[in-house]
Amino acid sequence: MEFDEAADKAPPGWRHFAFEDVARLPAAVREHELARVPPGEPEERIVRGLFWTLVYHLDAGRWDELARNEPIAAAVLDALPGHVDAALDVGAGSGRLTQHLVARATRVVAVEPSDPLRALLSRRCPTVEVVSAWAEKLPFDAGSFQLTAACGALGPDPVVLQELFRVTAKGGRVALISPEHPEWFESQGWERLTAPVSPLPEHPAWLDEFFGPLDPPHELVTATV
Ligand SMILES: C[S@@+](CC[C@H](N)C(=O)[O-])C[C@H]1O[C@@H](n2cnc3c(N)ncnc32)[C@H](O)[C@@H]1O
């Protein structure tokens, strides 16, 4: 997400963080994220713009509880390819999508830059190969996966999209669940499915207070390589 959009749309929980928390991010993450910040932004706006990064790296339990209460729509999961040799989940978080790929692929690899989220994911999906990397530079050979997927993690960034297509085998699928700006993907010829949202599970009130209204992933855009 562009910095301005992220700062404008920061959920109420941004007030839980202070500017000093940015310094607590791992150095490589801080460098990656601060590169997105336009010069001259005030401290409060930097905290707002980095809200999600602060959650993923400094308060991963909160993200995990949100993800567990925002399950991916069943129709979206049903529309993913049936069975493949190798599947990749990019920006896998604590495994909301990864856990479903395990049943759909002989080998599942998950890329996730947050140390605490990788730890949660490894515990939850012990057979998955969990790798620390960025979507902009995936550490895999060309054509390594028949299915390259992401949920809630990516948008129409040309560098990232080039990487997703590079690591996907010819004839394989790139599948993005609830990407940023799904209408952009549709306009570029990707197939788009908008599934009905299932009723939300009973969940603690703090989730809405911290993250705003819950919005389970229910969009899917796919392209064949
Ligand atoms: C909205 S969460 C989604 C997590 C998981 N896919 C899910 O559906 O629960 C976005 C995830 O992408 C990761 N992420 C953010 N920027 C990334 C990047 N440039 N490359 C790879 N992962 C990234 C974050 O650490 C976070 O875990």
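Residues numbered from 1 in each chain as written. Predicted model: local features only at pLDDT ≥ 70, side-chain atom pairs only at ≥ 80, totals over all residues.

(A) Molecular detail of the overall build of the chain. Of the regular secondary structure elements, the chain holds 11 helices and seven strands. Counting over 225 residues, the chain shows a buried share of 40%. (Helix = DSSP H or I, 4+ residues; strand = E, 2+ residues; numbered from the N terminus. Buried ≥ 20, exposed ≤ 12 C-beta atoms within 10 Å, placed from the backbone.)

(B) Expanded view of the domain arrangement of the chain. Segmenting the chain into domains produces domain 1 (3-58) and domain 2 (69-224). Opposite the eight residues of domain 1 that make contact, domain 2 presents nine residues. Mapped onto the side of domain 1 that touches domain 2, the elements with two or more residues apiece are α2 (27-34) and α4 (51-58). The class makeup of the residues in the side of domain 1 that touches domain 2 is five nonpolar, three polar and no charged. (Domains from an automatic or database assignment. Contact = placed C-beta atoms within 7 Å. Nonpolar A, V, L, I, M, F, W, Y, C, P; charged D, E, K, R; others polar.)

(C) Representation of the sheet that holds strand β5 (residues 168-177) in the model. Ordered in space as β3-β2-β1-β4-β5-β7-β6, the seven strands form an open sheet in which the pairing is mixed. Sheet topology places β3 (129-131) and β6 (191-194) at the edges, where each strand pairs with a single neighbour. For this sheet, the mean inter-axis angle between neighbouring strands, taken without regard to orientation, is 20°. Alignment of strand β1 (residues 84-90) against strand β2 (residues 105-111), held across six bridges, turns out to be parallel. In the sheet register, V90 faces β2, and the bridge partner there is V111. The strands touched by helix α9 (residues 158-167) within the sheet are β1, β4 (145-151) and β5, with β5 carrying the most contacts at an inclination of about 135°. (Pairing = 2+ DSSP bridges. Axes fitted to C-alpha atoms, helices over the stretch in contact; angles between N-to-C directions.)

(D) Region of the structure containing the nonpolar core. Residues A87 and I177 are the most contacted members of the largest nonpolar core, which totals 57 residues. When residues of this core are assigned to domains, at least three map to each of domain 1 (3-58) and domain 2 (69-224). Apart from residues lying up to four places away in sequence, I177 is in contact with I72, V76, L97, A150, C151, G152, P217, E219 and L220. (Core = buried A, V, L, I, M, F, W, Y, C linked by C-beta atoms within 7 Å.)

(E) Just the pairing of β1, in detail. Within β1, five of the seven residues are buried, which leaves it mostly tucked inside the rest of the structure. Sheet analysis places β1 next to β4, joined by three bridges and oriented parallel. Within β4, the residue paired with A87 across the bridge is L147.

(F) View of helix α8 (residues 115-124). For α8, the full list of buried residues reads L117, R118, L120 and L121. Looking down the long axis of α8, one finds its buried residues gathered within 160° of arc, a one-sided arrangement. Each element contacted by the buried residues of α8 is listed here: α4, α5 (60-69), α7 (98-101), β2 and β3. (Arc of directions from axis to C-beta.)

(G) Layout of the pairing of β2. Judged by how many residues are buried, β2 sits mostly within the fold: five of seven residues are covered. Pairing of β2 with β3 involves three bridges; the strand directions are parallel. In the strand pairing of β3, A110 is matched with V130. Each parallel crossover has a hand, and for β2 linked through α8 to β3 it is right-handed. (Right-handed = clockwise from strand over helix to strand, strands pointing away.)

(H) Just unusual backbone geometry, in detail. At S178, a residue that is not glycine, the phi angle is positive and equals roughly 40°. Mapped onto the secondary structure, S178 falls in the loop between β5 and α10 (182-187). Positive phi, normally seen in glycine, also occurs at H181, with a value near 55°. Tracing the backbone shows H181 in the loop between β5 and α10. Overall, the presence of 13 C-beta atoms within 10 Å leaves H181 in the partly exposed class.

(I) Representation of α9. Those residues of α9 not exposed but buried are V160, E163, L164 and V167. Burial along α9 is one-sided: seen end-on, the buried residues are contained in an arc of 100°. Counted as exposed and oriented over 90 degrees from the buried face of α9: P158 and Q162. Buried residues belonging to α9 abut β1, β4 and β5.

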